Each structure stands twice: as structure tokens, then as C-alpha cells.
Amino acid sequence: MNPALRWQALPERARRAEQLGHLASLCLKREVETYPKPGLVSHVDNGAHRDMDAALLCRSADTLAPFFHELAAAGAVGAGMDRLRAIGVAAERAMLAATSGVNTHRGAIFGLGLLCAAAGYREALGIRKPLGEVVSQRWGKAIPDGPILLRSHGAVAARRYGAGGARAEAACGFPSVYDIALPALHAARMLAPDDDDAVRVQTCMALIAEVADTNLLHRGGAEGLRFAQDSASAFLAAGGVGSSGWRKRAADIHQAFVARNLSPGGSADLLAMTLFVDRMGP
């Protein structure tokens, strides 16, 4: 029997797709729980955001779980990019309804959704390729061809500053996840083996230091991006979470971002995606 048909035929396969959806939602919540991460919402404060808090982000994550489930199931049966986009549009509509119009997770719907589809596809076919490689090979050519939200903050910043943005990241197999975040996460576990929060902070700082985050470009322009990258790089150069007093230094950076209205939302999405990939086994 065709592996994709086997996925449909076996109840345990359907349960697995549901598990993938719940895992993706959980990774979004783990990102929210991380503190201190510069400028971003957490259970401690709202960072540089006036329109959202941790409760709203968690409600959004719960709302998206069934759509991540659907994306995993669609990937398992070999769905093309048009089908994945349709699920993503429905997910965004549900998100906006649940948050009274606040864009909490548009970027995560796109990136994490593709990784869910890749996980379903990979498990249905029994292949061992990294999820990012699956995304690039299976849907990479079609990713840039979809409709562009010309007025979205990320799209405007990408055009103005020449940044690649989320589409380029996905089409290339998420190099920021595989080349920056996962190595940082693994190294952080050596620095703080019993502190998952510290591991997530270190990973987030590594992403901020190196990614041309279009959310930072939108809020602070090139100068804001440089400030963010320099601040995160200095934190890492001082030993990151492996040094004494790291929480205060990270909290100070967080407050400096808030004072400048900077929020690295793209790095937050990439952190959640990294947690998903780590749990799945790259």
C-alpha cells in the first residue's frame, strides 16, 4: 500500500498527526514562557507590546493546534503548497477571531506549519531527512509563488531593507534554525544542563544576534536591528547563560529593547520552530 494511503488507513497515524499539532502548539507556549528575552512577551511582562500578553498568546497557540494537526495530516498524504496555504489561511482567520484581531502568530503559522507538514510527510514515507530539507525539497519552489501581503510589516521591511524574510528562510530549508539556533541550543545545554529556561534564552539571543529580523527592521530600521544584534552578541560574548549574573544582564537588555520599542518577533517564531525540530529529531 502507498505510504500516504497507509497514513489515512491507520488510526494511530491520525493520532500521530494530532500529537504533532499539540507539540507545535506547546512549542509556541514554551516560547512565551521564556524569560528574559529581549522585547518579547512573556509570563513576566508584555515586553514592547501594548496589544498582547502571555494569556493572549497561549490562547492563540491553543486555537492553532488543530490547524497544525491538519497541516501534518495534509503533508502525510502529499498535499501541495496550495492545500497547505488554504489551511494556513483558515488558521490565521481562527487566530484573529480568537485574539480580537491581534496578529499573535502569523509568522509561526507559516514556518511552524510547514515543519508540521514536513513531519507528517517524513513519517508517512519513513524517510530520515531533516525537516528543513523536506520543506525545501517538497515545497521550496512553490513557497515564493504564493500571494504576498504587500502591507504586512515583514513584507514592507523586507522590501525596504533587502532582507529575505520568512519565505526565503522556508524555501532554503530554515538555515536560521539549523545553522544558528540548533547549535546554540545544544551548546546551551552544556552551559546550563538543568535549566531549560536558560537554554531557550541562549538560543533566542543567538538568533537575535545573527538574523536580519524583519520585525526589528519594521520597528527600528537598520539602526534598531544593529542595536539588537550588538546587544545580543555582547551577551553571548560575555559567556551568555554560562556566566554568573546572566539573568540580570538579559533583563537589562530586555528593558533596553522595550525602551526602544524593539521586538524580535521573527526570532521568537524561529525559537518555537527550533524547539519543535529539536523534539522531533532534526
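Caption draft 1: Focus on unusual backbone geometry. Here the bond from Tyr35 into Pro36 is cis, since omega is 0°, no more than 30 degrees from zero. Position of Pro36 among the secondary structure elements: in the loop between helix H2 (11–33) and helix H3 (54–76). Its identity as a non-glycine residue notwithstanding, Ser100 has a phi of 60°, on the positive side. Mapping Ser100 onto the fold places it in the loop between helix H4 (81–98) and helix H5 (106–125).

Caption draft 2: Looking closely at the side chain of Asp269. Secondary-structure assignment places Asp269 in helix H13 (residues 265–280). Although Asp269 is buried, it makes no salt bridge; Arg106 carries the closest opposite charge, 9.6 Å away. Other than its neighbours up to four places away in sequence, Asp269 contacts Gly107 and Ala108.

Caption draft 3: Molecular detail of the packing of aromatic side chains. What the rule picks out here adds up to two aromatic pairs. Taken together, a centroid distance of 5.9 Å and an interplanar angle of 50° make the contact between Phe227 and Phe257 tilted. Here the residue Phe227 occupies a position in helix H11 (residues 214–237), and Phe257 occupies one in helix H12 (residues 246–259), the gap between them amounting to 30 residues. On the basis of relative accessibility, which here comes to 24%, the residue Phe227 falls in the partly exposed class. Taking the relative accessible area as the measure of exposure, Phe257 reaches 0% and is therefore buried. Positioned above the aromatic ring of Phe227, the side-chain terminus of Arg260 is 3.9 Å from the ring centre.

Conventions used here
- Residues numbered from 1 in each chain as written.
- Predicted model: local features only at pLDDT ≥ 70, side-chain atom pairs only at ≥ 80, totals over all residues.
- Heavy atoms only, no water.
- Helix = DSSP H or I, 4+ residues; strand = E, 2+ residues; numbered from the N terminus.
- Buried < 20%, exposed > 50% of the residue type's maximum accessible area, 1.4 Å probe, protein only.
- Lys, Arg positive; Asp, Glu negative; His and termini not counted.
- Salt bridge = Lys/Arg side-chain N within 4 Å of Asp/Glu carboxyl O.
- Contact = heavy atoms within 4.5 Å.
- Phe/Tyr/Trp six-rings, centres within 6.5 Å; stacked < 30°, edge-to-face > 60°.
- Lys NZ or Arg CZ within 6 Å of the ring centre and 35° of its normal.

Any link to function would need more than the numbers given here.
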